[in-house]
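# Structural description and commentary
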Amino acid sequence: MPDVTELLEQASPREITVPVCLAGDASGDLEVLESELQQMGEWTPTSFGEANPAAEVQERIDAARERVREATVPFKFRALGHRAYSTLLAGHPAPEGSREEPYDPGTFLPALLAVCCLEPTLTPAQVERLLDVVNDGTARTLFSAALAVNEEPSPIPFL
């Protein structure tokens, strides 16, 4: 049996990385173009010199995908450790009468993002600005990753 001291020297906090596209306009453009291409259906040329209109739309899709790729940022989260997480949680108690969550989501979740997001580093003010720009789905993705890295056990593959 290995020595616990040796095991603890090898231990590290759990980390999770989630990609987030910060250019809502670029992802919106991509959705519109992909829908346009899908609606075009089968194309049958009427002459040998006629170009497939889907080719031009596909080129625009490729350019839009590149814009989305360029605007996508990997957000890397690291677990705080049980004590630090519990302390942060205790600092943001649920509002009176709330039974949904053990914390105040309006204050706890932004505070959690600020302290456990390694890359990019975020100040509380930057978190607030980010939450003013992204939609609710993107905010939930970030919150879910921050919660998961701190609350869920690390996955263990079948041995």
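Just so you know, these numbers come straight off a predicted model, no measurement behind them.

## Some points on helix α5 (residues 105-116)
- Across its 12 residues, α5 extends 16 Å between first and last C-alpha, which sits within 8% of the 16 Å expected from 1.5 Å per residue.
- Contacts from the buried residues of α5 go to β2 (72-78), α4 (82-90), β3 (117-119), α6 (124-133) and α7 (136-151).
- With a side-chain oxygen positioned 3.0 Å from the backbone nitrogen of Gly106, the residue opening α5 is Asp104.

## With respect to the packing of helix α2 (residues 24-40) against helix α3 (residues 53-71)
- Relative orientation of the contacting elements α2 and α3 amounts to 155°, with a least axis distance of 9 Å. Taken together, the axis directions place α2 and α3 in an arrangement best described as roughly antiparallel. Considering the relative orientation of α2 and α3, their crossing is left-handed. Taken together, the residues of α3 that come into contact with α2 (itself represented by Asp25, Ala26, Ser27, Asp29, Leu30, Leu33, Glu34, Glu36, Leu37 and Met40) are Pro53, Ala54, Val57, Gln58, Arg60, Ile61, Ala64, Arg65, Arg67 and Val68.
- Residue composition of the contact of α2 with α3, grouped by class: 11 nonpolar, 2 polar and 7 charged.

## Points about the sheet that holds strand β1 (residues 15-21)
- Reading across from one edge, β1-β2-β3 is the order of the 3 strands in this open sheet, with antiparallel pairing throughout. Edge positions in the sheet fall to β1 and β3, since each has one partner strand and no second. Strand-to-strand, the axes of this sheet are offset by a mean angle of 35°, without reference to chain direction.
- Direction of pairing for β2 relative to β3: antiparallel, over a ladder of 2 bridges. In the strand pairing of β3, Phe77 is matched with Cys117.
- Contacting β1 and β2, α3 crosses the sheet at an angle of about 30° to β2.
- Seen against the sheet, α7 touches β1 and β2 and runs at an angle of roughly 175° to β1.

Criteria and cut-off values
- Residues numbered from 1 in each chain as written.
- Predicted model: local features only at pLDDT ≥ 70, side-chain atom pairs only at ≥ 80, totals over all residues.
- Heavy atoms only, no water.
- Helix = DSSP H or I, 4+ residues; strand = E, 2+ residues; numbered from the N terminus.
- Expected span 1.5 Å × (residues − 1).
- Contact = heavy atoms within 4.5 Å.
- Polar contact = N/O pair within 3.5 Å; in protein donor to acceptor, adjacent residues only side chain to side chain.
- Axes fitted to C-alpha atoms, helices over the stretch in contact; angles between N-to-C directions.
- Parallel < 35°, antiparallel > 145°, perpendicular 65-115°, else oblique.
- Left-handed = near helix turned anticlockwise from the far one by under 90°.
- Nonpolar A, V, L, I, M, F, W, Y, C, P; charged D, E, K, R; others polar.
- Pairing = 2+ DSSP bridges.

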